[in-house]
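Architecture at a glance
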Amino acid sequence: MNMHAKDFENFLSLRISQLRHQKGVSAREMSLAIGQSENYISRIESKRMLPSMLVFFYICEYFGIHPKEFFDEQLENPGISKELMEKFQKLTPEQSQHILAIMDDILER
């Protein structure tokens, strides 16, 4: 991946907005929840500023994801993907096969 600084800035603002909407919270609510001023997330989403590394980690923690998951563009909803994997790992091999069969059936439709 050969991204320029502007590409990262665009990705960061869009990804935060996407994850925030999935969580169903306003930019103000999220800003306050991570200990920032009420317009902090709005400024990031409008590309007027970038978060510090520490605040970026707070943002990931807020979404319940690892920074690696934040940057994985193939994970449209990393919070749900993480939860699915955690639960899937607790299943017996037989249960896992049943779940995979259901997923295959859904994907074929």
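Placed above this text is the structure.
Residues numbered from 1 in each chain as written. Predicted model: local features only at pLDDT ≥ 70, side-chain atom pairs only at ≥ 80, totals over all residues. Heavy atoms only, no water.

**A closer look at the environment of Glu-83**
As a reminder of what qualifies: Starting at the N terminus, helices and strands are each numbered in turn, a helix being any DSSP run of H or I of at least four residues and a strand any DSSP run of E of at least two. Residue burial is assigned from relative accessible area. The probe radius is 1.4 Å, only protein chains are included, and a residue is buried under 20% of its type maximum, exposed over 50%, and partly exposed in between.
In this structure, Glu-83 sits in helix H6 (residues 78–88). Accessibility expressed as a relative area gives 39% for Glu-83, which makes it partly exposed. C-alpha of Glu-83 to C-alpha of Ile-65: the two residues are 18 residues apart in sequence and 9.8 Å apart in space.

**A look at the environment of Gln-95**
What counts here: For the purposes of these results, a polar contact is taken to be a pair of N or O atoms within 3.5 Å, where, inside protein, one atom must be able to donate a hydrogen and its partner to accept one; residues adjacent in sequence count only when each atom of the pair is a side-chain atom.
Here Gln-95 shows up in helix H7 (residues 93–108). Gln-95 sits in the partly exposed class, given a relative accessible area of 37%. From its side chain, Gln-95 meets the backbone nitrogen of Thr-92 in a polar contact 2.8 Å long.

**Some details on the nonpolar core**
Our working definition: Residues belong to a common nonpolar core when they are buried Ala, Val, Leu, Ile, Met, Phe, Trp, Tyr or Cys residues joined through side-chain atoms within 4.5 Å. Contacts were defined at the residue level, with two residues in contact if any of their heavy atoms lie within 4.5 Å.
With 19 residues, the main nonpolar core has Ile-16, Met-30, Ile-41, Ile-59 and Phe-70 as its most contacted residues. Among the elements of the structure, helix H1 (5–23), helix H2 (27–33), helix H3 (40–45) and helix H4 (53–63) are those that each provide at least two residues to this core. In terms of residue count, H4 provides more of this core than any other element does, 6 residues in total. What Met-30 contacts, discounting residues up to four positions off in sequence, is Ile-16, Arg-20, Val-25, Ile-41, Ile-59, Tyr-62 and Phe-63.

**Some thoughts on a nonpolar patch on the surface**
This is how the line gets drawn: For patch detection, residues must exceed 30% relative accessible area and be free of salt bridges, and they are connected within 9 Å for like charges or within 5 Å for nonpolar side chains (Val, Leu, Ile, Met, Phe, Trp, Tyr). Working definition of accessibility: Shrake-Rupley area with a 1.4 Å probe, residue cover restricted to the visible protein chains. Any Lys or Arg side-chain nitrogen located within 4 Å of an Asp or Glu carboxyl oxygen qualifies as a salt bridge.
Taken together, the side chains of Ile-99, Leu-100, Ile-102, Met-103, Ile-106 and Leu-107 define a hydrophobic patch exposed on the protein surface, amounting to about 570 Å² of accessible area. As for its placement among the helices and strands, Ile-102 is situated in helix H7. Residue Ile-102 is classed as partly exposed on the basis of its relative accessible area of 49%.

**Digging into the layout of surface pockets**
Quick reminder of the rule: A 1.4 Å probe that fits but cannot get out identifies a cavity on a 1 Å grid over protein atoms alone, an open set with protein on both sides within 12 Å along at least five of seven lines counts as a pocket, and a residue lines either if it has an atom within 4 Å of a point. Grid points are joined across faces, edges and corners, and a volume is the space filled by probe spheres set on the points. Side-chain classes are defined by residue name, with Ala, Val, Leu, Ile, Met, Phe, Trp, Tyr, Cys and Pro counting as nonpolar, Asp, Glu, Lys and Arg as charged, and the others, Gly among them, as polar.
The computed volume of the largest pocket comes to approximately 280 Å³. Looking at the largest pocket, the residues that line it are Glu-69, Leu-75, Pro-78, Ser-81, Lys-82, Leu-84, Met-85, Lys-87, Phe-88, Leu-91, Ile-99 and Met-103. Considering every element that reaches the lining of the largest pocket, the biggest residue donor is H6, with 7 residues. The residue inventory of the lining of the largest pocket, partitioned by class, reads 8 nonpolar, 1 polar and 3 charged.

**Topic: the packing of aromatic side chains**
Under the convention used in this document: Pairing of aromatic side chains requires ring centres within 6.5 Å, counting the rings of Phe and Tyr and the six-membered ring of Trp. Pairs whose planes differ by under 30 degrees are stacked, by over 60 edge-to-face, and all others tilted.
Per the stated rule, a full pass over the model turns up 7 aromatic pairs. Between Phe-11 and Phe-71, the ring centres sit 5.8 Å apart and the planes meet at 25°, which makes this aromatic pair stacked. Remark: Phe-71 occurs in helix H5 (residues 67–71) and Phe-11 occurs in helix H1; sequence separation between them is 60 residues. When the ring of Tyr-62 is compared with that of Phe-63, the centres are 5.5 Å apart and the planes differ by 70°; the resulting orientation is edge-to-face. Judged by its relative accessible area of 11%, Phe-63 is buried.

Note that every value here comes from positions in space, so none of it alone points to a role or purpose.
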